[in-house]
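# Fold and contact review
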Amino acid sequence: MDNWTTTPFEPWAGLAGGILIGASVVLLLLTLGRIAGISGISAGAMTKQGFERHWRLAFLAGIILAAIMYFVFWGGFPVETQVGPGWLIIAGLMVGFGSRLGSGCTSGHGVAGLSRLSKRSIVATLIFMSAAVVTTNLIRHL
Amino acid sequence: MKALVTSLFCGLLFGLGLIISGMSNPARVLNFLDWSANWDATLAFVMGGAIAIAAPGIYWVRKQGSPLFADKFDIPTSTTVDKKLIFGAAIFGIGWGIGGFCPGPGLVAVATLQSDVIIFVIAMLAGMLIHHWFQSKSSD
C-alpha cells in the first residue's frame, strides 16, 4: 500500500514547534499554576463553571487564534486526513473518552508529565505510544 | 483578567508550536507512528524540544513557592498506576493511531473548517462528555 501521503522529515521545524509548546507549558504553570494538558482543558471547558471554565476557554481560544493567524499571515497549513469520516468518528470517540479515562493525552502525560518524571505519565506515555504504533501499522500493512 | 489574557497567550504559543512542527497534520503524525519506508521522525523532535524546555522550566517554577496569578500550584500528586490509567491510555493510543489526531492538533486543525476534521473534533468532545457522564453516574 502506497496511497498514504508522505511528509518530509523536518527536525528543525519540529524542535522549534516543540520549544514553543514547552514554553507554553512552563508559562501556564508559572502564571496560573496549571498543567497545560489539552484533553483536561477541553473537557473542563465543557463541564466546569466560573473561572475554572473561563481560563480553559481562553486557552482554547488561543489555540484557534494560532490557526487563524496562520491563515492570515502565511496562507494556512496542511491538514491531510488519511482515513475516512467513519474511522475519524471512531478515532474521535476513543481519543476523547480514553484521554479522560487515562487522565491525560500527549500534552499532559507526554510533555508535562514526562518533564516532571511522573510515574503515571511515564506509564501512560509508553502505553499510548505503543498502542498507536501497533494500530497504525495494523491499519496500513495488514 | 490578567490570568485569562495569559491563558489565551499560552494557548496561542501552544497552537503555533503545533502548526510550526506540523503536528497539526495527521499525515505527519501517522508517518511517525508507521515505521515503514517513509518514516518521518519529526514528532520525536517536537517532544524532545518541548521536554528540553519544560523539564528545567517546571523544576524552576515549582521552586517559586506559588504561581503569579493563583494561590497555589495545581499539579497531580497521585503515583498509583491503576486500571483506568492503563485502559484509558490504551484506548486513547488506538484512537490516535487510527486518525493521527490527538486533542491539541484536532482543535488547531478544526480552524481549517474541513468537514472531516470537524467530525473528528465533535466525536472527540462527545467522547469526553460520555466519560464525564459515566464518572458522575458512578460517583452518585
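Each remark here, short or long, concerns the structure printed above.
Bear in mind that the values here come from a model prediction, so they are computed numbers and not experimental data. (Residues numbered from 1 in each chain as written. Chains lettered and ligands numbered in written order. Predicted model: local features only at pLDDT ≥ 70, side-chain atom pairs only at ≥ 80, totals over all residues. Heavy atoms only, no water.)

## As for the overall build of chain B
Filter applied, for reference: Strands are runs of DSSP state E lasting at least two residues, helices are runs of H or I lasting at least four, and both sets are numbered from the N terminus onward. Any two residues whose heavy atoms approach within 4.5 Å are treated as being in contact. Accessible surface area values rest on a Shrake-Rupley calculation with a 1.4 Å probe, where residue burial reflects the displayed protein chains alone.
Helices and strands together make up the secondary structure of chain B, namely six helices and zero strands. In sequence order, chain B lays out its α and β elements as α-α-α-α-α-α. Sequence separation of at least 24 residues holds for 41% of the intrachain contacts in chain B that already meet a minimum separation of 6. For chain B, the accessible area works out to roughly 6,400 Å², and carbon and sulfur atoms hold 67% of it.

## Quick look at the environment of G127(B)
Locating G127(B) in the fold gives a position in helix α6 (residues 115–138). Put simply, G127(B) and A52(B) are 75 residues apart on the chain and 32 Å apart in space, counted from C-alpha to C-alpha. Aside from chain neighbours lying at most four places away, what touches G127(B) is L93(A), G96(A) and F97(A).

## Considering the nonpolar core
Which entries qualify depends on this criterion: Among buried residues, the Ala, Val, Leu, Ile, Met, Phe, Trp, Tyr and Cys ones that are joined through side-chain atoms within 4.5 Å form a nonpolar core. Each residue is assigned to one of three classes by its accessible area relative to the maximum for its type, calculated with a 1.4 Å probe on protein chains only: buried under 20%, partly exposed between the two thresholds, exposed over 50%.
Core analysis: the largest hydrophobic core is formed by 71 residues, its most contacted members being V25(A), F59(A), L33(B), L43(B), W96(B) and F120(B). With residues near it in sequence (within four places) discarded, V25(A) still touches A36(A), V111(A), A112(A), F14(B), A54(B) and I58(B).

## Observations regarding the side chain of S115(A)
Keep this limit in mind: In the analysis that follows, any N or O atom pair within 3.5 Å is treated as a polar contact, provided that within protein one partner can donate a hydrogen and the other can accept it, and provided that, for residues neighboring in sequence, both atoms belong to side chains.
Among the secondary structure elements, S115(A) is positioned in helix α5 (residues 106–115). With a relative accessible area of 9%, S115(A) lands in the buried category. At 2.7 Å, the side chain of S115(A) and the backbone oxygen of V111(A) are in polar contact. Beyond its immediate chain neighbours, meaning those up to four positions away, S115(A) contacts I51(B), A54(B), A55(B) and I58(B).

## Regarding the interface of chain A and chain B
This is how the line gets drawn: Buried surface area refers to the total accessible area, computed with a probe of radius 1.4 Å, that the two partners give up upon joining, counted for both partners together. By definition here, a salt bridge exists when the distance from a side-chain nitrogen of Lys or Arg to a carboxyl oxygen of Asp or Glu is within 4 Å.
Across the boundary between the two partners, chain A contributes 103 residues, which contact 105 residues of chain B. Summing both partners gives a buried area of about 9,400 Å² for chain A against chain B, and 78% of it is carried by carbon and sulfur. Seen at the junction of chain A and chain B, the total is four salt bridges. One salt bridge connects E10(A) with R28(B), and the closest N-O pair in it is separated by 3.0 Å. The tally of links between chain A and chain B comes to 26 residue pairs in polar contact (both at pLDDT 80 or more). Listing elements by their share of the side of chain A that touches chain B, those giving two or more residues are α1 (11–32), α2 (38–47), α3 (50–74), α4 (85–101), α5 and α6 (119–141) of chain A. When residues in the side of chain A that touches chain B are grouped by element, the largest group, 21 residues, is from α1(A).

## Comments concerning the pattern of salt bridges
Evaluation of the coordinates by the stated rule reveals seven salt bridges over all chains. Put simply, D82(B) and R120(A) hold a salt bridge, and the shortest N to O gap is 3.6 Å. Pair noted here: D82(B) is in the loop between α3 (42–62) and α4 (83–99) and R120(A) is in helix α6, and the two residues belong to different chains. The exposure class assigned to D82(B) is partly exposed, which follows from its relative accessible area of 32%. Among the residues examined, R120(A) registers a relative accessible area of 13% and is labelled buried. It is possible to trace a salt-bridge network through shared partners that takes in R34(A), E52(A), R56(A) and D74(B).

## Considerations on the state of the cysteines
Our working rule: Pairs of cysteine sulfur atoms within 2.5 Å are identified as disulfides in what follows.
Tallying each qualifying case throughout the model produces zero disulfides over all chains. Not part of a disulfide, C102(B) finds its nearest cysteine sulfur in C105(A), a span of 6.1 Å.

## Here we look at the packing of aromatic side chains
Think of a pair of aromatic rings as described by two things: how far the centres are apart, and how the planes are tilted against each other in angle. Residue and element names in this part refer to chain A. Put simply, the rule is: Between the rings of Phe, Tyr and Trp (Trp by its six-membered ring), a pair exists once the centres lie within 6.5 Å; its type follows the angle of the planes, with under 30 degrees stacked, over 60 edge-to-face, and the other angles tilted.
Applying the stated rule across the entire model yields 13 aromatic pairs over all chains. Where F73 meets W74, the ring centres are 5.8 Å apart and the plane angle is 65°; that geometry is what we call edge-to-face. There is no split in this pair, since F73 and W74 are both exposed. Put simply, the rings of Y70, F71, F73, W74 and F77 touch in pairs and so form one group of aromatic residues.

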